[in-house]
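# Results of the structural survey
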Amino acid sequence: MQQLLQGTFGNPSSDHWAGQQARETVEKARCQVAALLGCQPEEIVFTSGGSESNNQALKGVFFAAGKDGVHIITSQVEHPAVINPCRFLERLGAEMTYLPVDGFGRIDPDEVRRAIKSRTTLISIMHANNEVGTIQPITDVARIAHEHEVLFHTDAAQSVGKISTRVDELGVGLLSVAGHKMYGPKGIGALYVKKRRQFQPMVIGGQQERGRRGGTENVPYIVGFGRAAELAIDNVRDENTRVRKMRDRLEDTILRSVPGTMRNGSKRERLPNTSNIGFTNVEAEAILLLLNQLDICASSGSACTTGSVQPSHVLTAMGLPPDLARSSVRFSLGKYNTDDEVDYILEHLPVVIRRLRGETEIPKRPQRTAQDRPT
Ligand SMILES: *Cc1c(COP(=O)(O)O)cnc(C)c1O
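So, a few notes on the structure that sits alongside this text. Chains are numbered independently. Their residues run from 1 in the order of the written sequence. Selection of residues for local features in this predicted model requires a pLDDT of at least 70, selection of side-chain atom pairs for listing and counting requires 80 or more, and totals for whole chains, interfaces and linings are taken over all residues. Excluded from the side-chain calculation are hydrogens and water; included are all heavy atoms of the structure.

## Focus: the site of the ligand
- A cutoff of 4 Å decides nearness: a residue is near a molecule or strand if any of its heavy atoms lies inside that distance of it. Around the ligand lies a shell of 13 residues, among which Gly50, Ser51, Asp155, Gln158 and Lys181 are the nearest.
- We define a polar contact as two N or O atoms separated by no more than 3.5 Å, with the added condition that, inside protein, one atom must be a possible hydrogen donor and the other a possible acceptor, whereas residues neighbouring each other in sequence contribute only through side-chain atom pairs. Gln158 is positioned with one of its side-chain polar atoms (N or O) 2.6 Å from an oxygen atom of the ligand.
- Between Lys181 and the ligand, the recorded distance is 2.7 Å, taken from a side-chain N or O atom to an oxygen atom.
- Against a free-state accessible area of 380 Å², the protein chains account for coverage of 88% of the ligand.
- If you tally residues by element for the shell around the ligand, the top one is helix α3 (residues 50-65), at three residues.
- Amino acid classes used here: Ala, Val, Leu, Ile, Met, Phe, Trp, Tyr, Cys and Pro are nonpolar; Asp, Glu, Lys and Arg are charged; the rest, including Gly, are polar. Here the residues of the shell around the ligand are counted per class, giving three nonpolar, eight polar and two charged. Values of accessible area rely on a 1.4 Å probe in the Shrake-Rupley scheme; residue burial ignores everything except the protein chains shown. Secondary structure elements are taken from DSSP: a helix is a run of H or I of four residues or more, a strand is a run of E of two residues or more, and numbering for both begins at the N terminus.

## Thoughts on a nonpolar patch on the surface
- On the surface, a nonpolar cluster with roughly 270 Å² of combined accessible area is contributed by Phe63, Phe88 and Leu92.
- Locating Leu92 in the fold gives a position in the loop between α4 (80-91) and β3 (95-99).
- Look at Leu92 and you get partly exposed, because its relative accessible area is 44%. Patch definition: residues above 30% relative accessible area lacking any salt bridge, with like charges linked at up to 9 Å and the nonpolar side chains Val, Leu, Ile, Met, Phe, Trp and Tyr linked at up to 5 Å. By salt bridge we mean one thing: a side-chain nitrogen of Lys or Arg within 4 Å of a carboxyl oxygen of Asp or Glu. Partly exposed describes any residue whose relative accessible area lies between the buried limit of under 20% and the exposed limit of over 50%, with all areas from a 1.4 Å probe on protein chains only and scaled to the type maximum.

## Some points on the side chain of Thr274
- As for its position among the elements, Thr274 is in strand β9 (residues 274-279).
- At a separation of 2.9 Å, a polar atom in the side chain of Thr274 contacts the side chain of Asn273.
- The contact rule is simple, with two residues in contact once any of their heavy atoms fall within 4.5 Å. Not counting the four nearest positions on each side in its chain, Thr274 is found in contact with Glu131, Val132, Gly133, Arg247, Arg330 and Phe331.

## A few points about the sheet that holds strand β7 (residues 189-193)
- Strand pairing is defined by DSSP finding a minimum of two bridges between the two strands. Pairing is mixed across the open sheet formed by seven strands, whose spatial order is β1-β7-β6-β5-β4-β2-β3. Sheet topology places β1 (44-47) and β3 at the edges, where each strand pairs with a single neighbour. Across the sheet, the mean angle separating the axes of adjacent strands is 20° when strand polarity is ignored.
- In terms of strand pairing, strand β2 (residues 71-75) meets β3 through five bridges, oriented parallel. Among the inter-strand pairings, Ser75 is bridged to a residue of β3, identified as Leu99. What counts as an axis is a line fitted to C-alpha atoms, over the stretch in contact for a helix, and the angles between N-to-C directions run from 0 to 180 degrees.

## Re the nonpolar core
- Core analysis: the largest hydrophobic core is formed by 53 residues, its most contacted members being Leu37, Phe46, Ile123, Phe152, Leu175 and Met182.
- Beyond its immediate stretch of four places on either side in the chain, Phe46 contacts Val26, Ala29, Arg30, Val33, Gly189, Ala190, Glu209, Arg213, Ile222 and Phe225.
- Ile254, Ile287, Leu333 and Val352 belong to the second-largest nonpolar core, a separate cluster that totals 23 residues. Joining through side-chain atoms within 4.5 Å is the link that ties buried Ala, Val, Leu, Ile, Met, Phe, Trp, Tyr and Cys residues into a set, and such a set is a nonpolar core.

## Here we look at the sheet that holds strand β10 (residues 328-332)
- In spatial order, the strands read β8-β9-β10; together these three strands make up an open sheet with antiparallel pairing. This sheet does not close on itself; its edge strands, each paired only once, are β8 (261-263) and β10. Taking the axes of each pair of neighbouring strands and ignoring which way they run, one obtains an average angle of 30° across the sheet.
- Note that β9 and β10 share five bridges and pair antiparallel. Directly across from Ile277, in β10, lies its bridge partner Val329.
- Each of β9 and β10 is contacted by helix α11 (residues 284-293), which is oriented at about 40° to β10, the strand it contacts most.

Printed below as a string of structure tokens:
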């Protein structure tokens, strides 16, 4: 990336040697991303990230349908980058079905089957949830979509690089990837588009990305993303056992040692790095504030909904009462976390919770007598 930012300025669309050099680096990255997803390089469209990929998938289908109109099936626990484009398309006349989820955040494939109508054009169900980590039964939904000849999109921004996301195994027609969720740079991503799929580009311009996204490619970021994809292949196999162990130790110890706590989401059908825990009678925002003072970075909801006062739509859809949803904190671990850091959280978190529940006094400053005062 550094080399490309500092001295290799060719535009991949130029025919001279500098352009060709840039083109080669982009095509190498395309192969790296394709290898991670188990698809052909031509099936990868580079985008600015997960949000753009989701917007392209949903709006592309809508605008390709023309006056026949569309019916899209999705779920109530999707990321805002799916839910909000869906609401937007609804205002433009699309018919939407937002499927409910069970207490673990899973949709029921039979409900997908029941929701399909003759004008159903797209099913969009996320692979893994960003707030609770719950993994959806994607292959079952893919089978149903295939039987009814409906295009199937999955938002895999959260799962790529953490669990297997080979498109041939998942059986999807469209799949969204976000570079920064797999240690790539921010502001780059991809949309997998199965070959021979009808495709209406959203960014209309030149013939870049085989006419599927106009505009000069973000060469340095694409190259960084490609390298991250290459490294992620090993992560999916090895690193995540270590991350999973750390996550389980963190979660099990909190649930055991802090009273009034519960896990939100599925214990097993879940990403290896995510833990979402409810702390009764404490506001998540207060917990996060005190954790932040201890240099512990955790969150509630998704980064994209921070600042809103609404309780998480994911936890609410799972049946949590609003007060419990507002008391839930998400811990996300990664390959750069250590066991020492888990120990550090386990040392401080119980104290933070006791303090916020008013069970421990806030330590008073030692009283100073006149003699103690500095002169
Ligand atoms: C982060 C995320 C997105 C958005 O990706 P950006 O690259 O930030 O645009 C979409 N869906 C899910 C599930 C995510 O976790």
